[in-house]
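As a plain string of letters, each chain reads:
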Amino acid sequence: MVSTDQTPVFAVVGHPNRGKSSVVATLSQNDRIAIALEPGTTRESQRYPLQVDGRTLYTLVDTPGFQRPRRVLEWLESHSLSASDRPDTVAAFVHQHRDNPRFRDECELLAPIIDGAGIIYVVDGSVPYTAEQEAEMTILRWTGQPSLALINRIGSDDHTASWQSALGQFFQIVRSFDAVRAPFEQHLGLLKAFGQLRPDWEQPLEAATGFLTRQREDRQWRSAQLITEALIGMMTHQESRTLPKNLATPGSDSREALEARLRERWYQHQREREEKLRKDVEALYQHHQIARQEAALSWHHDHDLFSEETRRAWAVSKTYLATAGFGAGAVGGVGIDALTLGHSLGAGALIGGLLGAAGSYFYGDRLAIRALSLGSLKGAGDLQTATFGPVQDLQFGYIVLGRAVDHWWHISQRNHAGRDPLELPPSESHWLETLGADTRKALQRALTRLRKNRKLNQGEQQELEAAVQSALEGYNRWRLESTA
Ligand SMILES: Nc1nc2c(ncn2[C@@H]2O[C@H](COP(=O)(O)OP(=O)(O)OP(=O)(O)O)[C@@H](O)[C@H]2O)c(=O)[nH]1
Ligand SMILES: [Mg+2]
């Protein structure tokens, strides 16, 4: 029997290849669970607890699909005397057939339910309902456990309506739930629905939704901190080397070679630092297996900052760059508000026109990085230091920020059943201008300080973190509005 202090356990069951493991992966936030096109991917029942701060909120059990439900039902019917002994009859079936390879999958999937797990029955709503599945639904009903059916659409056809009425006769609650795309709020909705089915689970599942909501807020806040740290590190990064004084004398070939080498290392560092940020954010959201397709921050130093090629390579839009270039500050008295709110002139044309000017006039057409400088090393007369960097362009910071925010959003929205590569293509619209003036000013202030190679004090760093956090929220809002 199940004691009341146990955390809720759900067995996710159904026909082979209907998305059971996908539902388990999403609800247990575990992207390491095997999901595949071939039926029979899951062969054994496996428990996946969802833990927050070391505390298990609930456990999902992934199970193999039904193989011989009609045979099992025949056995049950011939061994049951009345409705009151049905749960015991199912238990007796599992007990007697445990070592019978013919019923291996049925025993695997029924065992956790007999041990007290609630039932989550998964069907594919993109194929029409057939009576074929009635045997397995009947078996599940015989267990007497609380049950919920999920209509998970794997393909694009929609046969939800026919499923709905059939499932309604076997299961207490029927919901549509796309394991790959269901937003977070729907995950919580499912947990709450289950709380209605079993009184002693109501409180733990209520608590679980509270923990998950807080975890989500914490993750967003922590992401803002991670992005801030990376931004500071990348904006202020310098490559330095100590070398003998007789090398790299000004004007010599070796000086150029040294600069080229340090420049290459500088870029390499930036790529690695950005990759570390990506991994850190993914780990924060428990995504460990993502195949990410993002252009590396690998521009050539003579790339035009505003060329189509660079824009593609960096996966940022033209307008984003234009806005970034002007930030919240004024350029010759023309602030971004004037740019975007100037409706008498088409804002797009204005931005487009100023873009070229900004590229060549205000910033030069290259990413400016402080050139090689040589300095003597104190107390070591025959040694000198060579320093390359930091970056001089503010856009660099906005590009790092824009890419990071875009990546964060995709990760924060991604369900753990997702197996498609994460593609981060350039988005044509931009969101920077939707941020409040305070946030834009705070970003601009911090990036300007960093460009001047000033270390941020604690208060300034916190201000930047708060601005990045607002940027995450602004981006999220912008996404929601542009898909609505
Ligand atoms: N588009 C889409 N595909 C899904 C969804 N759920 C599952 N799939 C796909 O359907 C296939 C089967 O998914 P699984 O989760 O492995 O199914 P299963 O029921 O665990 O399969 P077995 O373990 O073999 O019984 C995989 O290719 C999934 O990517 C969904 O919600 N949307
Ligand atoms: Mg499976």
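Caption draft 1: Region of interest: the site of ligand 1. Around ligand 1 there are 23 residues in total, and Gly19, Lys20, Ser21, Ser22 and Thr42 lie nearest to it. If one sorts the elements of the shell around ligand 1 by residue count, helix 1 (residues 20-27) sits on top with three residues. Each residue belonging to the shell around ligand 1 can be placed in one class, and the counts come to 10 nonpolar, nine polar and four charged.

Caption draft 2: Region of interest: the nonpolar core. Formed by 56 residues in total, the largest nonpolar core has its most connected members in Phe10, Ala11, Val12, Ile120, Tyr121 and Leu150. Leu150 has contacts with Val23, Ile120, Tyr121, Val122, Arg175 and Phe177, leaving out every residue within four places of it along the chain. Core analysis: the next-biggest nonpolar cluster, separate from the first, contains 37 residues, Val281, Tyr398, Leu443 and Ala467 among them.

Caption draft 3: View of the confidence of the model for the chain. Chain-level pLDDT for the chain is 83 on average; 80% of the residues reach the 70-or-more range. Below a pLDDT of 50 lies the segment residues 298-306, which in the model reaches 25 contacts outside its immediate sequence neighbourhood of four places, other chains included. Overall, residues 325-365 carries pLDDT values under 50, and its contacts beyond four positions in sequence, including any with other chains, amount to 52 contacts.

Caption draft 4: Just the sheet that holds strand 10 (residues 383-388), in detail. Spatially, the three strands line up as an open sheet ordered 7-10-9, and their pairing is antiparallel. Unpaired on one side and paired on the other, strand 7 (239-244) and strand 9 (373-376) mark the two borders of the sheet. Averaged over all adjacent pairs, the angle separating strand axes in this sheet is 25°, with direction ignored.

Caption draft 5: The sheet that holds strand 3 (residues 55-62), seen in detail. Strand order in the open sheet formed by six strands is 2-3-1-4-5-6, with mixed pairing between adjacent strands. Because the sheet does not close on itself, it has two edges, and the strands there are strand 2 (46-52) and strand 6 (173-176). Averaged over all neighbouring strand pairs, the angle between strand axes comes to 25°, with direction disregarded. Where strand 1 (residues 9-14) and strand 4 (residues 118-124) come together, five bridges link them in parallel fashion. Within strand 4, the position partnered with Val13 by the bridge is Tyr121.

Caption draft 6: Just unusual backbone geometry, in detail. That bond from Gly389 to Pro390 is cis: its omega, 5°, falls within 30 degrees of zero. Even without being a glycine, Asn17 presents a positive backbone phi close to 60°. Of note in the backbone geometry, Gln286 takes a positive phi value of approximately 60° without being a glycine. For Gln286, the location among the structural elements is in the loop between helix 9 (253-284) and strand 8 (292-293).

Caption draft 7: Structural context of the environment of Gln289. Along the chain, the position of Gln289 falls in the loop between helix 9 and strand 8. The class of Gln289 is exposed, set by 11 C-beta atoms lying within 10 Å. Distance from Gln289 to Arg419, taken between C-alpha atoms, is 8.5 Å for residues 130 residues apart in sequence. The contact partners of Gln289, leaving out residues within four places of it in the chain, are Asp31 and Arg32.

Caption draft 8: View of the environment of Trp408. Relative to the helices and strands, Trp408 is located in helix 14 (residues 394-413). When the C-alpha atoms of Trp408 and Tyr475 are compared, they prove to be 9.9 Å apart, with 67 residues separating the residues in sequence. For Trp408, the residues in contact, after removing those within four places along its chain, are Ser223, Ile227, Val281 and Leu472.

Caption draft 9: Spatial organisation of the pairing of strand 10. Where strand 7 and strand 10 come together, six bridges link them in antiparallel fashion. The residue bridging Arg241 from the neighbouring strand is Ala386, located in strand 10. Looking at chain direction, strand 9 and strand 10 are connected through four bridges and run antiparallel. Across the sheet, residue Ser373 finds its bridge partner in strand 10, namely Thr387.

Caption draft 10: Broad picture of helix 7 (residues 184-197). End to end, helix 7 covers 21 Å across 14 residues, agreeing with the expected 20 Å (1.5 Å per residue, within 8%). Regarding helix 7, the residues found buried are Leu190, Leu191, Phe194 and Gly195. Axial view of helix 7: buried residues confined to an arc of 145°, hence all on one face. Summarising the contacts, the buried residues of helix 7 are in contact with strand 4, strand 5 (147-152), strand 6 and helix 8 (199-236).

Caption draft 11: Structural context of the environment of Thr434. Assignment of secondary structure puts Thr434 in the loop between strand 11 (422-423) and helix 15 (437-451). Sequence separation between Thr434 and Tyr475 is 41 residues, and the spatial gap between their C-alpha atoms is 8.2 Å.

Caption draft 12: View of the packing of helix 8 against helix 14. As a packed pair, helix 8 and helix 14 sit with axes 10 Å apart at the nearest point and diverge in direction by 155°. When the axes of helix 8 and helix 14 are compared, the pair comes out roughly antiparallel. For the pair helix 8 and helix 14, the sense of crossing is right-handed. Counting all contacts with helix 8, which are made through Gln220, Ser223, Ile227, Ala230, Leu231, Met234 and Met235, the residues of helix 14 involved are Phe396, Gly397, Val400, Leu401, Ala404, Trp408 and Ser412. Split into classes, the residues belonging to the contact of helix 8 with helix 14 amount to 10 nonpolar, four polar and no charged.

The rules behind these values
- Residues numbered from 1 in each chain as written.
- Chains lettered and ligands numbered in written order.
- Predicted model: local features only at pLDDT ≥ 70, side-chain atom pairs only at ≥ 80, totals over all residues.
- Near = placed C-beta within 6 Å.
- Helix = DSSP H or I, 4+ residues; strand = E, 2+ residues; numbered from the N terminus.
- Nonpolar A, V, L, I, M, F, W, Y, C, P; charged D, E, K, R; others polar.
- Core = buried A, V, L, I, M, F, W, Y, C linked by C-beta atoms within 7 Å.
- Buried ≥ 20, exposed ≤ 12 C-beta atoms within 10 Å, placed from the backbone.
- Contact = placed C-beta atoms within 7 Å.
- pLDDT = per-residue confidence, 0-100.
- Pairing = 2+ DSSP bridges.
- Axes fitted to C-alpha atoms, helices over the stretch in contact; angles between N-to-C directions.
- Expected span 1.5 Å × (residues − 1).
- Arc of directions from axis to C-beta.
- Parallel < 35°, antiparallel > 145°, perpendicular 65-115°, else oblique.
- Left-handed = near helix turned anticlockwise from the far one by under 90°.

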